[in-house]
Amino acid sequence: MEHKNEIKKEIIEAVEFSRKNNPMVGSITNSVTINLVANTQLAVGGSAAMVYLPDEGEFLAKAAGASYINVGTLLPVYEETLPHTAQVLNELQKPWVLDPVAVGIGLLRTDLLQKFKDYQPTVIKGNASEVIALAGLWGLEGGTAVSNVRGVDSSDSVMAANTAAIALARWTGGAVMVSGQTDLVTDGKVLAMSQGGSHFMEKMTGAGCSLGGVIGVYLVGASPFIAALTAAAVYNLAARRAEAKVSGPGSFQVQFIDELYQANARDIADNPFELVEV
Amino acid sequence: MEHKNEIKKEIIEAVEFSRKNNPMVGSITNSVTINLVANTQLAVGGSAAMVYLPDEGEFLAKAAGASYINVGTLLPVYEETLPHTAQVLNELQKPWVLDPVAVGIGLLRTDLLQKFKDYQPTVIKGNASEVIALAGLWGLEGGTAVSNVRGVDSSDSVMAANTAAIALARWTGGAVMVSGQTDLVTDGKVLAMSQGGSHFMEKMTGAGCSLGGVIGVYLVGASPFIAALTAAAVYNLAARRAEAKVSGPGSFQVQFIDELYQANARDIADNPFELVEV
Amino acid sequence: MEHKNEIKKEIIEAVEFSRKNNPMVGSITNSVTINLVANTQLAVGGSAAMVYLPDEGEFLAKAAGASYINVGTLLPVYEETLPHTAQVLNELQKPWVLDPVAVGIGLLRTDLLQKFKDYQPTVIKGNASEVIALAGLWGLEGGTAVSNVRGVDSSDSVMAANTAAIALARWTGGAVMVSGQTDLVTDGKVLAMSQGGSHFMEKMTGAGCSLGGVIGVYLVGASPFIAALTAAAVYNLAARRAEAKVSGPGSFQVQFIDELYQANARDIADNPFELVEV
């Protein structure tokens, strides 16, 4: 219980830090949801900058408070940009979020995600199938050699990714989030299960990508575990509130951004979550 | 009349199939409207995945139920990705939609669209000028050697593309849709004219692109003609309903997505259309 | 006073020209906000077309009434596309808008923006830090050798870019806009300060980019100074009206597009601005 109160206090600090300091996050992300990533980062108090080229990835790695790398729609230049940027981030010990979208599809994606093992992303965020497949690719416990990834969707349940998530977090020394109906966050020692959300999240492309981008914002002023849990909490809270006010996915997205912007730190910290020692 | 009732029954089945089965569509499409394409595909029950690279195009051609290729904002890598993906689709006899956006502009676009003649897209969807120009490029009846395409807009009326549409449908053995104030759909034997829509559709970038993406969703569980007509019907219905509730193009887009999501199968089938034997 | 009334008359003409003639603007712009650029261009009466390839940039330079070049998210092909397109625009004396986003970041960006000095963009639009840095890059008065650009945000105040804006306008013979809380527009002889706007503009990614795209629309039928001032006026008016009706940045963007569409020419011309002789 005391642990939980301590965590809530840190969530409040994370929310307030980003609203006060407007932390800049550099992103290399897919073209489908790049606009939503930027707008959600702004909604929670951050500043967004996106690039494609190697030297610009390096520039942002150095200049931004945190970075977000999403391998959604790979372009040829990513072959150079992504490993270079991740290497710089790792060398400078700057925090970054990896979103291993659709791991298992295509040679370049597999090659890039394999390389990221050495660059130790501070937070890894994926759906259950992606987390299991990434652990498999990295040869860690809980992973499978064959990906169950179906396009960008998950065909595994969140709890099925439990072991993989813990193994990944122990490898990186950071945190892992498995997004789903309940969001699981772990630093390899503790598991937090964040509740809430909305069925409309599956009808809004980029719900997951933008969550990764928002973790980046919180990562500038909080630990990996708290940053991921804060992002999960504000997403679950905003989605639940938005769903209650709308009747379709178009208005849901609009209302969701409004709720991200309006949610106060106390309410975000009070969004229900459970803790389990690993 | 009997024919019309049979068609309505098939429209209902197409709508219900995609809501029940969440069919995945792989898309290679332009960056301007890629987000709207994904969100409209989700709204009608589908699942969306977008890629740029050749081996990823091949992966989706095989893994997805249908594919959508839109030549809107060509990137250099498309020179390899698009013919390769279209060839795989053709070899495997997987259904796909071609959107020949801005045919006539640029060398690569012309070259790609020329190549697609042999890969026989299952559904071709364009505005009147695009359909006429594509028929011209492929040396078919009703086409013109000189494109009247003006950027992404049409300067020809839908009925002026009648002959070209029929010729294209007969060439591919699939269906052709000419989008406009009235949408024309033909399989080379029958012409359907779908009514409805909204003047706001011209004020929302991607109205046409996303229509192509939604045809892809229906194409997984319906014939080319029914898939195209179902997409036209739900678009015309949702646009008419949305227009009645809003006062500008910003709120129109939001409401339009909500209406796509909410429209029931019976109402979609009952959206007015006329049939003419060719 | 007479001067001001003359300007208002020209603003009304600019607004009415684009609503009546649906002028096409070709854009090469970043992937983050490309959809918003297109939708705002449509909302004020224009037609939007976006490309990436060199020969397509040339095509649009020739076919469109004006062009918009935004260096936000550079891709490798831009190394060829942007100088070629700008050269064609300059040779044909076709009007174009330059948005020097994040000037100072990366080698290609610096090289491209340096080259644009010779191609004399008709309107340059940036935030204060960008305008100062561009003047510095071009060796003009008011510029600084070291960029204060922080990602895509400005760390300088609008009035601090006064001298740089005038120097740039005199170099190009066109107009310069410095966007900010108050928007400054100058042709090197007169300074106009346009009032209004909303604090939500900073929470909507692409507020600045889309403003550049809308200047392009007005540039087809108006002088550089009037085109820039008209765009500033309709943005400040629409943002103020939208802010009064919403409670978050999601619904702000929707309402803002509606207000762009609905604003009448007289109200746009009457949006407050001040004039100062240089």
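Scroll up for the structure.
(A) Summary view of the interface of chain B and chain C. The interface of chain B with chain C comprises 30 residues on the first partner and 25 residues on the second. Where chain B abuts chain C, roughly 2300 Å² becomes buried across the two surfaces, and 59% of that area is made up of carbon and sulfur atoms. In this structure, the connection of chain B to chain C is made through one salt bridge. Taken together, the links from chain B to chain C amount to nine residue pairs in polar contact (both at pLDDT 80 or more). When residues of the side of chain B that touches chain C are traced back to their parent elements, those giving at least two are helix H5 (107–119) and helix H10 (249–262) of chain B. With five residues, the single largest contributor to the side of chain B that touches chain C is H10 of chain B. In the side of chain B that touches chain C, the residues fall into 12 nonpolar, 13 polar and five charged.

(B) Main features of the side chain of Lys117 of chain C. All names here are of chain C. Within the secondary structure, Lys117 is located in helix H5 (residues 107–119). It turns out Lys117 is buried and unbridged, and the closest side chain with the opposite charge, Asp118, is 6.3 Å from it. For Lys117, the contacting residues outside a window of four places in its chain are Trp138 and Trp171.

(C) Layout of helix H8 (residues 207–219) of chain C. All names here are of chain C. With 13 residues, H8 should cover 18 Å at 1.5 Å per step; its first-to-last C-alpha distance of 18 Å lies within 8% of that length. Most of H8 is tucked away, with 12 of its 13 residues classed as buried. Of the residues making up H8, those classed as buried are Ala207, Cys209, Ser210, Leu211, Gly212, Gly213, Val214, Ile215, Gly216, Val217, Tyr218 and Leu219.

(D) Inspection of the relation of the copies chain B and chain C at higher detail. Its rotation angle being 120°, the transformation that places chain B on chain C also includes 0.0 Å of axial translation and leaves an RMSD of 0.0 Å. Accordingly, the operation relating the two chain copies is best matched by a three-fold axis. It is Ser31 of chain B whose C-alpha, among those of chain B, lies nearest the rotation axis, at 3.7 Å. Interface residue correspondence from chain B to chain C reaches only 7%, placing this contact among heterologous pairings that use different surfaces.

(E) Local environment of the sheet that holds strand E1 (residues 24–28) of chain C. All names here are of chain C. The strand order E2-E1-E3-E4-E5-E6-E7-E8-E9 describes an open sheet built from nine strands, whose pairing is mixed. The strands lining the two open edges of the sheet, one partner per strand, are strand E2 (47–50) and strand E9 (273–277). Taking each pair of neighbouring strands and ignoring which way they run, the sheet shows an average axis angle of 20°. Of the strand pairs in this sheet, strand E5 (residues 123–127) and strand E6 (residues 175–179) are connected by five bridges, and their pairing is parallel.

(F) Inspection of the sheet that holds strand E8 (residues 190–194) of chain B at higher detail. All names here are of chain B. If you walk across this open sheet you meet the nine strands as E2-E1-E3-E4-E5-E6-E7-E8-E9, and the pairing is mixed. In this open sheet, the two edge strands, each paired with only one partner strand, are strand E2 (47–50) and strand E9 (273–277). The mean angle between the axes of side-by-side strands here comes to 20°, regardless of whether they run parallel or antiparallel. Inspection of the sheet shows strand E6 (residues 175–179) paired to strand E7 (residues 183–186) by three bridges, in the antiparallel sense. Each bridged residue has a counterpart across the sheet, and for Val178 the counterpart in E7 is Leu184. Sitting on the sheet, helix H4 (residues 78–92) is in contact with strand E1 (24–28), strand E3 (66–70) and strand E4 (96–99), with an inclination near 145° to E3.

(G) Structural context of the relation of the copies chain A and chain C. Between chain A and chain C, the superposition needs a rotation of 120° and an axial shift of 0.0 Å, giving an RMSD of 0.0 Å. Comparing contact sets, just 8% of the residues at the interface of chain A also lie at the interface in chain C, consistent with a heterologous contact between different surfaces.

(H) Summary view of the interface of chain A and chain C. Every contact between the two is made by 25 residues of chain A and, on the other side, 30 residues of chain C. A buried area of about 2300 Å², summed over both sides, lies between chain A and chain C, and 59% of it is on carbon and sulfur atoms. In this structure, Glu56 of chain A and Arg109 of chain C form a salt bridge, with 3.0 Å as the shortest nitrogen-oxygen distance. Counting across the interface, chain A meets chain C through nine residue pairs in polar contact (both at pLDDT 80 or more). For the side of chain A that touches chain C, the elements supplying multiple residues, two or more each, are helix H2 (34–43), strand E2 (47–50), helix H3 (54–63) and helix H10 (249–262) of chain A. Of the residues contributing to the side of chain A that touches chain C, the split by class is 16 nonpolar, six polar and three charged.

(I) The arrangement of the environment of Ser31 of chain C in detail. You can see Ser31 of chain C is positioned in the loop between E1 and helix H2 (34–43). Residue Ser31 of chain C is classed as buried on the basis of its relative accessible area, which comes to 6%. In this structure the C-alpha to C-alpha distance between Ser31 of chain C and Leu74 of chain C, which are 43 residues apart in sequence, comes to 9.2 Å. At 2.5 Å, the side chain of Ser31 of chain C forms a polar contact with the side chain of Tyr52 of chain A.

(J) Here's a closer look at the side chain of Ser18 of chain B. Mapped onto the elements of the fold, Ser18 of chain B is located in helix H1 (residues 2–21). Those residues in contact with Ser18 of chain B that sit more than four places away from it in its chain are Pro23, Val44, Gly45, Val217 and Tyr218 of chain B.

(K) Quick look at the pattern of salt bridges. All names here are of chain C. Taken as a whole, this structure holds 27 salt bridges over all chains when the rule is applied. In this structure, Asp270 and Arg266 form a salt bridge, with 3.4 Å as the shortest nitrogen-oxygen distance. Of this pair, Asp270 and Arg266 both sit in helix H11 (residues 265–270), four residues apart, roughly one helical turn.

(L) Spotlight on the nonpolar core. Residues Phe116 and Phe256 of chain A, Phe116 and Phe256 of chain B together with Phe116 and Phe256 of chain C are the most contacted members of the largest nonpolar core, which totals 338 residues. Excluding anything up to four places from it in sequence, Phe116 of chain B contacts Ile69, Val71, Leu82, Pro83, Ala86, Trp96, Leu98, Pro121 and Trp138 of chain B.

(M) Spatial organisation of the packing of aromatic side chains. According to the stated counting rule, one finds 18 aromatic pairs over all chains in the structure shown. A centroid spacing of 4.9 Å and a plane angle of 80° characterise the contact between Tyr235 of chain B and Phe256 of chain B, whose relative ring orientation is edge-to-face. Remark: Phe256 of chain B occurs in helix H10 and Tyr235 of chain B occurs in helix H9 (residues 224–243); sequence separation between them is 21 residues. Feature note: the residues Phe200, Tyr235, Phe252 and Phe256 of chain A together with Tyr261 of chain B constitute an aromatic cluster, connected by ring pairs. Over the face of the ring belonging to Trp171 of chain B we find Lys117 of chain B, whose NZ or CZ atom lies 4.7 Å from the ring centre.

(N) A look at H5 of chain B. Along its 13 residues, H5 of chain B runs 19 Å from first to last C-alpha, staying within 8% of the 18 Å computed at 1.5 Å per residue. Within the sequence span of H5 of chain B, burial applies to Leu108, Arg109, Leu112, Leu113, Phe116, Lys117 and Tyr119 of chain B. If you follow the buried residues of H5 of chain B, they end up packed against E3, H4, E4, helix H6 (128–137) and helix H7 (162–172) of chain B together with helix H3 (54–63) of chain C. Gln120 of chain B, located one to two residues past H5 of chain B, shows a positive phi value of around 45°.

(O) A look at unusual backbone geometry. Of note in the backbone geometry, Asn22 of chain B takes a positive phi value of approximately 45° without being a glycine. Judged by relative accessible area, Asn22 of chain B falls into the partly exposed class, the value being 29%. The phi torsion at Gln93 of chain C lies on the positive side, around 55°, for a residue other than glycine. Looking at the secondary structure, you find Gln93 of chain C in the loop between helix H4 (78–91) and strand E4 (96–99). Overall, Gln93 of chain C belongs to the exposed group, its relative accessible area being 64%.

Basis of the calculations
- Counting of residues starts from 1 at the beginning of each chain's written sequence and follows it residue by residue.
- Each chain is given a letter, starting from A, and each ligand a number, starting from 1, according to the order in which they appear as written.
- Per-residue local features are limited, in this predicted model, to residues with pLDDT of at least 70; the limit for side-chain atom pairs, both in listing and counting, is 80 or more; totals at the level of whole chains, interfaces and linings are taken over all residues.
- As a convention, hydrogens and water are excluded, and side-chain values are obtained from all of the structure's heavy atoms.
- Note on contacts: a residue pair qualifies if any of its non-hydrogen atoms lie within 4.5 Å across the two residues.
- Accessible area that two parts lose when put together, with a 1.4 Å probe and added across both, is what the buried area reports.
- The term salt bridge refers to a pairing of a side-chain nitrogen on Lys or Arg with a carboxyl oxygen on Asp or Glu at a separation within 4 Å.
- Any N or O atom pair separated by 3.5 Å or less is treated as a polar contact, with the protein-specific requirement of one donor-capable and one acceptor-capable atom, and with residues adjacent in sequence counted only for side-chain atom pairs.
- Runs of E in the DSSP output that reach at least two residues are strands. Runs of H or I that reach at least four are helices, and both are numbered from the N terminus.
- Side-chain classes are defined by residue name, with Ala, Val, Leu, Ile, Met, Phe, Trp, Tyr, Cys and Pro counting as nonpolar, Asp, Glu, Lys and Arg as charged, and the others, Gly among them, as polar.
- Only protein chains enter the accessibility calculation, which uses a 1.4 Å probe; a residue whose area is less than 20% of its type maximum is buried, one above 50% is exposed, and one in between is partly exposed.
- Positive: Lys, Arg. Negative: Asp, Glu. His and the chain ends are not part of the count.
- Residue count minus one, scaled by 1.5 Å, sets the expected span of a helix.
- Least-squares fitting of one copy onto the other uses the C-alpha atoms of those residues that reach a pLDDT of at least 70 in both copies.
- Any two strands with at least two DSSP bridges between them are considered paired.
- As a rule, the C-alpha atoms of each element are fitted with a line to give its axis, helices using only the stretch in contact, and angles between N-to-C directions run from 0 to 180 degrees.
- For the purposes of this section, nonpolar cores are sets of buried Ala, Val, Leu, Ile, Met, Phe, Trp, Tyr and Cys residues that join through side-chain atoms within 4.5 Å.
- When the centres of two rings from Phe, Tyr and Trp lie within 6.5 Å, Trp using its six-membered ring, the rings pair. Their planes under 30 degrees apart give stacked, over 60 give edge-to-face, and anything left gives tilted.
- Remark: a charge is flagged as sitting over a ring if the NZ atom of Lys or the CZ atom of Arg is within 6 Å of the ring centre and within 35 degrees of the ring normal.

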